[in-house]
Structure formats: C-alpha cells, structure tokens
Amino acid sequence: MTTIPNWIAVLGLIVAPVTGLLGYVLAGRNERARDERAAKREAVARRASVRERLDEERHAFQRETLLELQDALQRQVRCAAKVIIHDRSTLREHGTLTQVGPELSGESYEIGVTTRRLQERVLDGALRGAVGEFSQPRRGR
Amino acid sequence: MSAEAGIQHLDSLQREVAEHYVALSDQVGTALRVELGWLPEETRQD
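For every chain, the first residue of the written sequence is number 1, and numbering continues from 1 along that sequence. Labels are handed out in written order, letters beginning with A for the chains and numbers beginning with 1 for the ligands. Given that this is a predicted model, residues contribute local features only at a pLDDT of at least 70 and side-chain atom pairs are listed and counted only at 80 or more, while totals for whole chains, interfaces and linings are drawn from all residues.

1. Here we look at the overall build of chain B
- Per the convention used, a helix needs a DSSP run of H or I reaching at least four residues, while a strand needs a run of E reaching at least two, with both numbered from the N terminus. Assigned secondary structure in chain B consists of one helix and zero strands.
- Evaluated residue by residue, chain B yields a buried proportion of 13% over its 46 residues. Each residue is classed by its C-beta neighbour count within 10 Å, where at least 20 other C-beta atoms makes it buried, 12 or fewer makes it exposed, and intermediate counts make it partly exposed; the C-beta atoms are placed from backbone geometry.

Here is the structure:
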C-alpha cells in the first residue's frame, strides 16, 4: 500500500486556501487598476467636454459680435455720410465748416463707442485693426 | 482752402469712406461665414 508523505498532505491542505487568497488579492488589484483607468478616461472625457463647450461658447460669442459689428459699421458709415452732407451744405451756404448739431454729434459719439467696444471683442487681429482704422475720425483729413 | 476745393475734398472723402466700408464689410462677412462654418476651406481660430 502506498502512503502519501505527510508534507504532501499538508501541502494539499495549504495550496487551496493560498491560491484562493492570491486570486482574491489579484482580483482586487485588477479591479482597482480597472477603476483607476476608468476614472482617468472619465477625467479626460470631462476635460474634453469642457474644452468643447468653451470653444463653442467662444465661437457663439464671436458670431454675435460680428453680427453686431456689421450693424454698427453700417450705422457708422451712414452717420459719416450725414456729417459729410452737413459739411458740404454748410460749405456751400456759408463758405466755412460749422459744428454738426448735438443730435448728429451724439449719434456719432454713440456709434463710435459701440464700434470700439465691438472691435475689442474681435479675436482676429487683422480684422480688429481694420475696424480700428475705419473708425478713425476722418473730418478735416 | 476754398469752399469749392473743400466740397471736392468732401466728395472724395465720401467715396473713400464708402469704398473702405465695402472692403471692411466684406472682411467682416468672411469672418462671420468662417465662424458659421460656411467656408469649409477656412478654419476657425481654435
């Protein structure tokens, strides 16, 4: 009859719980690593989402600014035309330039301030410069 | 400067303003179309 050595019997008793314990520990580590990877992916996705939202808000702001700028420039050119017509008329009638009335002066000031405010909101440097150049006072050039 | 010369100066100034406005308006329109994504060949400033 064959007898199993005692140490093998003991080993048989120990191996099963030890491997079970090792499996438990490894499963825990794997789960923790998986959670960390998922958290990192979520953080990256969150940052990308915030960046995308900010980008869209910036573009929406630019669109709004440019639409307002179109209107402001149109008003400015009409106002400039009124001033030129006034100057031409006073030159014809009096032979000299006179100040424009308070209404036209106020309109000119208001539209100038509006255009400058919008100009500062334009991100495109070349366009910002072009608007600034257009808004320079022309009378008496 | 005589009144007549002044009037001529104002006429040329008015033309200059109008031409400047047309050019600038075109620039603003292009920038707007870029922002709206209507010009696929031009990229927005990201």
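Next comes the rest of the write-up.
2. Topic: the interface of chain A and chain B
- Each side of the interface is counted separately: chain A has 26 residues, and chain B has 20 residues.
- Listing elements by their share of the side of chain A that touches chain B, those giving two or more residues are α1 (6–94) and α3 (125–134) of chain A.
- If you tally residues by element for the side of chain A that touches chain B, the top one is α1 of chain A, at 17 residues.
- Each residue gets one of three labels, nonpolar for Ala, Val, Leu, Ile, Met, Phe, Trp, Tyr, Cys and Pro, charged for Asp, Glu, Lys and Arg, and polar for the others, Gly among them. Along the lines of polarity and charge, the residues of the side of chain A that touches chain B split into 14 nonpolar, four polar and eight charged. Whether two residues are in contact depends on their C-beta atoms, placed from the backbone: they are in contact if these lie within 7 Å.

3. Considering the environment of Ala45 of chain A
- Locating Ala45 of chain A in the fold gives a position in helix α1.
- Sequence separation between Ala45 of chain A and Phe61 of chain A is 16 residues; the distance between their C-alpha atoms is 24 Å.

4. Considerations on α1 of chain A
- Expected helix span is computed as 1.5 Å times (number of residues minus one). Under the 1.5 Å per step criterion, the end-to-end length of α1 of chain A is 129 Å for 89 residues, consistent within 8% with the ideal 132 Å.
- The bend at a residue is defined as the angle formed between two axes, one fitted to the seven residues ending at that residue and one fitted to the seven starting there. Along α1 of chain A, the sharpest change in direction is near 25° and occurs at Ile14 of chain A; proline Pro17 of chain A comes one to four residues later.

5. Focus: the nonpolar core
- Residues enter a nonpolar core if they are buried, belong to Ala, Val, Leu, Ile, Met, Phe, Trp, Tyr or Cys, and are joined to the set through C-beta atoms within 7 Å. Core analysis: the largest hydrophobic core is formed by 16 residues, its most contacted members being Leu69, Ala72, Leu73 and Val131 of chain A together with Leu24 and Val28 of chain B.
- Secondary structure elements with two or more residues in this core: α1, α2 (102–121) and α3 of chain A together with α1 (3–36) of chain B.
- When residues no more than four places from it in sequence are discounted, the contact partners of Val28 of chain B are Leu66, Leu69, Gln70, Leu73 and Leu127 of chain A.

6. Concerning the packing of α1 of chain A against α1 of chain B
- Across the interface, α1 of chain A lies against α1 of chain B with an axial gap of 10 Å and an inter-helix angle of 170°. For the element pair α1 of chain A / α1 of chain B, the angle class is roughly antiparallel.
- When the residues that make up the contact of α1 of chain A with α1 of chain B are grouped by side-chain class, the tally is 20 nonpolar, six polar and five charged. Angles shown run from 0 to 180 degrees and are taken between the N-to-C directions of axes, each axis being a line fitted to C-alpha atoms and, for helices, limited to the stretch in contact. Here the word oblique covers every angle except those under 35 degrees (roughly parallel), over 145 (roughly antiparallel) and from 65 to 115 (roughly perpendicular).

7. Brief notes about the packing of α1 of chain A against α2 of chain A
Residues and elements named next belong to chain A.
- As a packed pair, α1 and α2 sit with axes 9 Å apart at the nearest point and diverge in direction by 150°. One finds that α1 runs roughly antiparallel with respect to α2. Considering the relative orientation of α1 and α2, their crossing is left-handed. On α2, the residues that touch Thr65, Glu68, Leu69, Ala72, Leu73, Arg75, Gln76, Cys79, Lys82, Val83 and His86 of α1 are Leu104, Glu107, Ser108, Ile111, Thr114, Thr115, Leu118 and Arg121.
- By residue class, the composition of the contact of α1 with α2 is eight nonpolar, six polar and five charged. Rotating anticlockwise by less than a right angle from the far helix to the near helix defines a left-handed crossing, while the corresponding clockwise rotation defines a right-handed one.

8. What about α2 of chain A?
All names here are of chain A.
- Between its first and last C-alpha atoms α2 spans 29 Å; for 20 residues at 1.5 Å apiece the expected length is 28 Å, and the two agree.
- Every buried residue belonging to α2 is among Ile111, Thr115, Leu118 and Gln119, and all of these are buried. One face of α2 carries all of its buried residues, which in axial projection span an arc of 105°. Away from its buried face by more than 90 degrees, α2 exposes Pro102, Ser105, Gly106, Tyr109, Glu110, Val113 and Glu120.
- Turning to α2, the residues buried within the fold contact α1 and α3. Note that the arc is computed from the directions linking the helix axis to the C-beta atoms.

9. A word on the confidence of the model for chain B
- For chain B, the average pLDDT comes to 86, and 83% of its residues sit at 70 or higher.
- We note a pTM of 0.75 for the whole complex and an ipTM of 0.82 for its interfaces. Per-residue confidence from the prediction method is given by pLDDT, with values spanning 0 to 100.

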